[in-house]
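Residue-level structure breakdown
Residue strings, one per chain:
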Amino acid sequence: MGYARDMLSYGLPRSHVVNFLVDSQFARCIYYDRSLILESKVIFAKMVKHMGNLPLEDLGFSPSLEANFIRDPASLMKLEKPAAEEFPSSRILTSLEGSSFTFPYQNNQTRTVRLKRVIFRSNGVIGRGTMVIRVTCACRHCPRDACDWQAKKLVLKLSFPSATRVSELIFMDRCKQLAQGEHAWVMNHLPDIIWSFDIPFRTDSPQDALSNEFGATYEKRVMRGVIQEELKPLSYLQTAKQCAQVFYDVFQCHHWVWKYPKILHRDISQGNIMVREKNGTIYGVLNDWDLATWLDNKRDGPTSLFRTGTKPYMAHEQQTIHWRGPHRYRHDMESLFYVMVLFACLYSSPKEKVPNFEDKDFRLEEWHRKDDEFLRRAKTTVVHAASFMPPVSPFFIDFLLWLTELQERLALGFVHLMIHIKQAAKQKARQPNTLPTFDMETLGDHFSCEQIAMILHMFDNEQLTTRGLEWQNILEGLSQ
Ligand SMILES: [Zn+2]
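The paragraphs below set out a description of the structure included in this document. Keep in mind it's a predicted model, so treat the numbers as computed, not measured.

Looking now at the overall build of the protein. When helices and strands are counted, the protein shows 12 helices and 18 strands. Expressed as a percentage of its 480 residues, the buried residues of the protein come to 34%. Once local pairs closer than 6 in sequence are excluded, the contacts in the protein between residues at least 24 apart make up 66%.

Once that is clear, we can look at the packing of helix H8 (residues 329–346) against helix H10 (residues 399–430). Taken N-terminus to C-terminus, the directions of H8 and H10 make an angle of 145°; their axes are 11 Å apart at the nearest point. Seen along the crossing, H8 lies across H10 with a hand that is left-handed. Where H8 abuts H10, its residues Glu334, Phe337, Met340, Val341 and Ala344 lie against Phe399, Trp402, Leu403, Leu406 and Leu410.

As a further point, take helix H6 (residues 206–214). Within H6, the full set of buried residues consists of Gln207, Leu210 and Ser211. Along H6, the residues classed as buried sweep out an arc of 100° about the axis, all on the same side. Those residues of H6 that are exposed and angled more than 90 degrees off the buried face are Asn212 and Glu213. At the exit of H6 stands glycine 215, carrying a positive phi of roughly 65°.

This next bit is on the sheet that holds strand E4 (residues 65–66). With antiparallel pairing, the 7 strands of this open sheet are ordered in space as E4-E5-E6-E7-E8-E10-E9. What marks the edges here is a single partner per strand, and that holds for E4 and strand E9 (193–200). Strand direction decides the pairing type here: strand E7 (residues 131–137) and strand E8 (residues 154–159), joined by 5 bridges, are antiparallel. Bridging across to E8, isoleucine 133 finds its partner in leucine 156. Sheet strands touched by helix H5 (residues 168–178): E9 and strand E10 (222–229). Its angle to E9, the strand with the most contacts, is close to 150°.

Moving on, we get to helix H11 (residues 449–456). Along H11, the residues classified as buried are Cys449, Gln451, Ile452 and Leu456. Along the axis of H11, the buried positions cluster into a sector of 160°, meaning they face one direction only. The inward-facing, buried residues of H11 abut helix H7 (240–259), H8 and H10.

What follows deals with the environment of leucine 231. Following the sequence through the fold, leucine 231 ends up in the loop between E10 and H7. The class of leucine 231 is buried, set by 20 C-beta atoms lying within 10 Å. Once residues within four sequence positions are removed from consideration, leucine 231 is found in contact with Pro191, Met274, Val275, Arg276, Val285 and Asn287.

Look at H11 against helix H12 (residues 469–479): their axes get within 11 Å of each other, and the N-to-C directions meet at 85°. Comparing their axes, H12 and H11 come out roughly perpendicular. Residue-level contacts link Glu450, Ala453 and Met454 of H11 to Trp471, Ile474, Leu475 and Leu478 of H12. In the contact of H11 with H12, the residues fall into 6 nonpolar, no polar and 1 charged.

Quick look at the environment of serine 122 now. With respect to the element layout, serine 122 can be found in the loop between strand E6 (109–121) and E7. Overall, the presence of 15 C-beta atoms within 10 Å leaves serine 122 in the partly exposed class. For the pair serine 122 and valine 132, spaced 10 residues apart in sequence, the C-alpha separation works out to 9.2 Å.

Another aspect to go through is the nonpolar core. Membership of the largest hydrophobic core comes to 80 residues, with the highest contact counts inside it found for Phe247, Leu336 and Met340. Top contributing element to this core by residue count: H7, with 11 residues. Setting aside residues no more than four positions away along its own chain, methionine 340 makes contact with Phe247, Phe399, Trp402 and Leu403.

What follows deals with the pairing of strand E12 (residues 273–278). Where E12 and strand E13 (residues 281–286) come together, 6 bridges link them in antiparallel fashion. Bridge assignment links valine 275 to a residue of E13, and that residue is glycine 284. If you look at the hairpin formed by E12 and E13, you'll find 2 residues sitting between the two strands, and asparagine 279 has a positive phi there, around 50°.

What counts as what
- Residues numbered from 1 in each chain as written.
- Predicted model: local features only at pLDDT ≥ 70, side-chain atom pairs only at ≥ 80, totals over all residues.
- Helix = DSSP H or I, 4+ residues; strand = E, 2+ residues; numbered from the N terminus.
- Buried ≥ 20, exposed ≤ 12 C-beta atoms within 10 Å, placed from the backbone.
- Contact = placed C-beta atoms within 7 Å.
- Axes fitted to C-alpha atoms, helices over the stretch in contact; angles between N-to-C directions.
- Left-handed = near helix turned anticlockwise from the far one by under 90°.
- Arc of directions from axis to C-beta.
- Pairing = 2+ DSSP bridges.
- Parallel < 35°, antiparallel > 145°, perpendicular 65-115°, else oblique.
- Nonpolar A, V, L, I, M, F, W, Y, C, P; charged D, E, K, R; others polar.
- Core = buried A, V, L, I, M, F, W, Y, C linked by C-beta atoms within 7 Å.

No statement about biological role is implied by the geometric values presented.
This is how it looks when you write it as structure tokens:
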């Protein structure tokens, strides 16, 4: 399993891998793709040899990828060791001059990009397996000196989402349509997606066969690519106040997209919060909308079977397989709260993690490694704590007030939810026609967007920048 995970997480972009356990004449074959792991019956070891003759696509390599090693496997042996902070695959793609990726483009054309450095890889077998690679246009089809991508710093994001998932390009196009006039500010906080393409698995692929075999329980995926402007990670930031502004920006952008185009992000994580610098100003960007959903979409396809989000940041109610939703606005806000808690406690600056945790009794660093049950307990403790004092590092000391105030709003909300549930149960027995109501969306107004904005628009006794006219007016009204 570890070996397959490494192949899918660090190797070349591929849709599946097949490993063999060989014992003299006999072997067992284990197949891993992004949705499922399968083990075969015992086969003859001789058959393993035949695997070598399969076309590359059957071995899980994308036919869109063109690299020297495919023609000359010996070239792979000459790689230098990657530096410790690099993804092991960073150099596989950079060191092979001429690696390129070809994908469908408008008017039934194709377009080709040259692959540069790998700047992000998710780790794991099951899941989208997102990979972000810096690219430049290979200009094979561009008119001379007139490449429309030339002036841009671009990345190619490859992932394997459910085949039914809406492409984030569609969400972002809807945002662009509505971001006019006084709403234009929001475009500074959204990714600039230039092109998106899907490459479905062939009808004779193993994925297709498994989908026929297992039906709806097998999550059918596609290979999806997105070409977008490169954004900077949080480590680009210098001061705690800049970090605070970026988080506040993400709150404002997330709220606008929820309120106007009516799209819910559903995957707020540290990795999805990025930075854009434009004319000397720094903007927080909420990136990676490929788990988003239309608010009015009642039927969410088979993906609704699967909880969405990134484990350490999921809302505590979602941290159990029994959770059946709906995913609400406030769940994303709970995620944003955990992003800030973990960032302020686990990092000694935006660039560096706190070096050792042995002497701390607070076990936040385990959130990145532990399972659902651990996270459910840990987060329930945080959310219901009567007094919450996260061990923020000295650099982030001014986040303490934000974090304690946000926790207080959450805690009050859940206390009132509990009171409501108990009252409703009593009343149901006595007067079933007049059940009390409770706003689940805002936890009875205790964890509403207004309450959160009131906390986040001030940092260290100073006002942060409120981007939209609408919130400037609301906050002015609330402060009086
Ligand atoms: Zn070009």
